[in-house]
Amino acid sequence: EADKLSLVLSGVAQVTAKADLTSEQSVAMRRSLECSGDRKIEVATGAEDVTIADLKSGDYFGETALVFNIDRTCSVRTAEKCLFLTVHKTDFENFLKICPIEESLKRVIKQRMVSKLSSLGIPFLNGIPEEMLSSLGASVAIKEVPTDHVLFQQGDIGESFYIIVHGGVRVDTTTTAESENGGSADGGKFSEDGSGDGDEATTESTATANNALGLLGPGQYFGEMSLVNSECHLRTATVTSTQKSILLSIDKESFQKLFGCNNNILAEFELRLLKDRATLKQVFAHSLGIASFREFLEAEHAGENIDFWVAVKDFRENDEDDLGKRKEQAKQIFVTFCAEYADRQVNLPHSMLAEIDERLHGDDDRLSPAIFDASTQEIFRLLEKDKFPRYKNSSQFKSFLGRLGIL
């Protein structure tokens, strides 16, 4: 039972865990929960225990016991003669009545947990700069849940992403199958009145089946899709705690505030998560993605499409106040990509081109930044339908993911 904090005053102590529970992710989380020390992990063949941290003078362990009601996840044994200063939980609770520092202690524990995130091997966190990852600490919440607590249900709107620090969860899905004539899902039939004579009356019934997808433990994560979907994302599974657990929780709003101002970082996060399921929108959101897709399109003799898209993007984002200069920029885009004998003509409906031409040469002094929006949406639709599926099977796409460190 966890009931005290210990500070090493002298000597060396070692933190050990069961050898069968020492994955890299698990070790990182156990260290963040139990102690301030560190150590490279080496598991000897046949060993039951493995040392995950060395504690020297000034190091401490067990402070989590003062604020969370969980059992110890590791053992501590002395490697030589040691002297410890200990604070028991009951004494600490009495101290809090005089000096309320519990929230401050929780912030220290949370910051240490967050500092371990980069060592968890979570794919989409690997590319985030260390300083941004550190600032994530202010947005992370620590969630303590009891056994059999439902964190979210299949069909709920996804709003948070979770990393397991201690404990574990079970992931389940429910499937529904409808059958006619009141029969079972495997096709058995019977008439509504049970007689089997005359015209058959039919009914419909619904059969549900629960499917266990697996168990997740310390260092593993779930709910990540809620962070990258711009629209409401519905949970595709139900997640329930299998024991008393401690989780780090990051909500979508906080994540977007932290990373939404950096398009490349946000796009890279999404690409690390989705990999070959990435959309054209996510590839276009990254500067290297645009360059990679352009290289592919040039090889397909279709590079004018992405050049048109980029030119319009620059025009839309241009904050030039001089209407004359804005019109000249718009006319140059039209001459280069839309005119009848344009050098890099894109494939757009005649009616769409005529409308743009009329607005460019009209007497209206106003020129909307959205003048090319319908045309770029059409080009995007064509690329997404035809070129993008082939791009995802190309060497250029593999090379693009490789440059981001995504395998």
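Check the entry above for the structure.
From a predicted model like this one, the values you see are computed outputs, not experimental measurements.

Parameters at a glance
Residues numbered from 1 in each chain as written. Predicted model: local features only at pLDDT ≥ 70, side-chain atom pairs only at ≥ 80, totals over all residues. Heavy atoms only, no water. Helix = DSSP H or I, 4+ residues; strand = E, 2+ residues; numbered from the N terminus. Buried < 20%, exposed > 50% of the residue type's maximum accessible area, 1.4 Å probe, protein only. Contact = heavy atoms within 4.5 Å. Salt bridge = Lys/Arg side-chain N within 4 Å of Asp/Glu carboxyl O. Phe/Tyr/Trp six-rings, centres within 6.5 Å; stacked < 30°, edge-to-face > 60°. Lys NZ or Arg CZ within 6 Å of the ring centre and 35° of its normal. Expected span 1.5 Å × (residues − 1). Patch = residues over 30% accessible without salt bridge, like charges linked within 9 Å, V, L, I, M, F, W, Y side chains within 5 Å. Areas by Shrake-Rupley, 256 points an atom, 1.4 Å probe, with all protein chains shown as cover. Pairing = 2+ DSSP bridges. Polar contact = N/O pair within 3.5 Å; in protein donor to acceptor, adjacent residues only side chain to side chain. Axes fitted to C-alpha atoms, helices over the stretch in contact; angles between N-to-C directions.

## As for the overall build of the protein
- A count of helical and extended segments in the protein gives 14 helices and 14 strands.
- Expressed as a percentage of the 407 residues in the protein, the buried residues total 43%.
- Sequence separation of at least 24 residues holds for 76% of the intrachain contacts in the protein that already meet a minimum separation of 6.

## A few points about the pattern of salt bridges
- Tallying each qualifying case throughout the model produces eleven salt bridges.
- Between R344 and E298 there is a salt bridge, and its shortest N-O distance comes to 3.5 Å. Of this pair, R344 sits in the loop between α11 (323-337) and α12 (350-361) while E298 is found in helix α9 (residues 287-299), placing the two residues 46 residues apart along the sequence.
- In this structure R344 comes out as partly exposed when scored by relative accessible area, which is 28%.
- The exposure class assigned to E298 is partly exposed, which follows from its relative accessible area of 39%.

## Examining the packing of aromatic side chains
- As enumerated under the stated definition, the model contains 17 aromatic pairs in all.
- With a centroid separation of 4.9 Å and an interplanar angle of 70°, the aromatic rings of F293 and Y391 are classed as edge-to-face. With a gap of 98 residues between them, F293 in helix α9 and Y391 in helix α13 (residues 373-391) connect regions that are remote in the sequence. Both residues of the pair, F293 and Y391, belong to the buried class.
- Between R235 and the ring centre of F152, over which it is positioned, the NZ or CZ distance is 3.9 Å.

## A closer look at helix α10 (residues 303-317)
- Helix length check: α10, at 15 residues, gives a terminal C-alpha distance of 22 Å against a target of 21 Å (1.5 Å per residue), a fit within 8%.
- Within α10, eleven of the 15 residues are buried, which leaves the element mostly enclosed by the surrounding structure.
- Considered for burial, the residues of α10 that qualify are G303, E304, N305, I306, D307, F308, W309, V310, A311, V312 and F315.
- Contacts made by the buried residues of α10 are with α8 (280-284), α9, α11 and α13.

## What about a nonpolar patch on the surface?
- A contiguous nonpolar surface patch, about 270 Å² in accessible area, is contributed by L9, L83 and L85.
- Following the sequence through the fold, L85 ends up in strand β6 (residues 83-88).
- Here L85 falls in the partly exposed class, since its relative accessible area comes to 47%.

## Details of the sheet that holds strand β9 (residues 160-166)
- Spatially, the four strands line up as an open sheet ordered β7-β14-β9-β12, and their pairing is antiparallel. Either end of the sheet is taken by a strand with one partner, and the two such strands are β7 (141-145) and β12 (221-222).
- Where β9 and strand β14 (residues 245-251) come together, six bridges link them in antiparallel fashion. Bridge pairing links H166 to I246 in β14.

## Observations regarding the side chain of S245
- Take S245: it is sitting in strand β14.
- According to the relative accessible area criterion, S245 is buried, its value standing at 1%.
- Looking at S245, its side chain comes within polar contact range of the main-chain nitrogen of G168, at 3.1 Å.

## Examining the sheet that holds strand β1 (residues 4-10)
- The strand order across the open sheet built from three strands is β4-β1-β6, with neighbouring strands paired in antiparallel fashion. Each edge of the open sheet carries a strand with a single partner, namely β4 (60-61) and β6.
- When β1 meets β4, the two strands line up antiparallel, connected through two bridges. Paired with L7 across the strands is Y60, a residue of β4.
- In the packing of helix α2 (residues 89-98) onto the sheet, contacts are made with β1 and β6, and the angle to β6 comes to roughly 60°.

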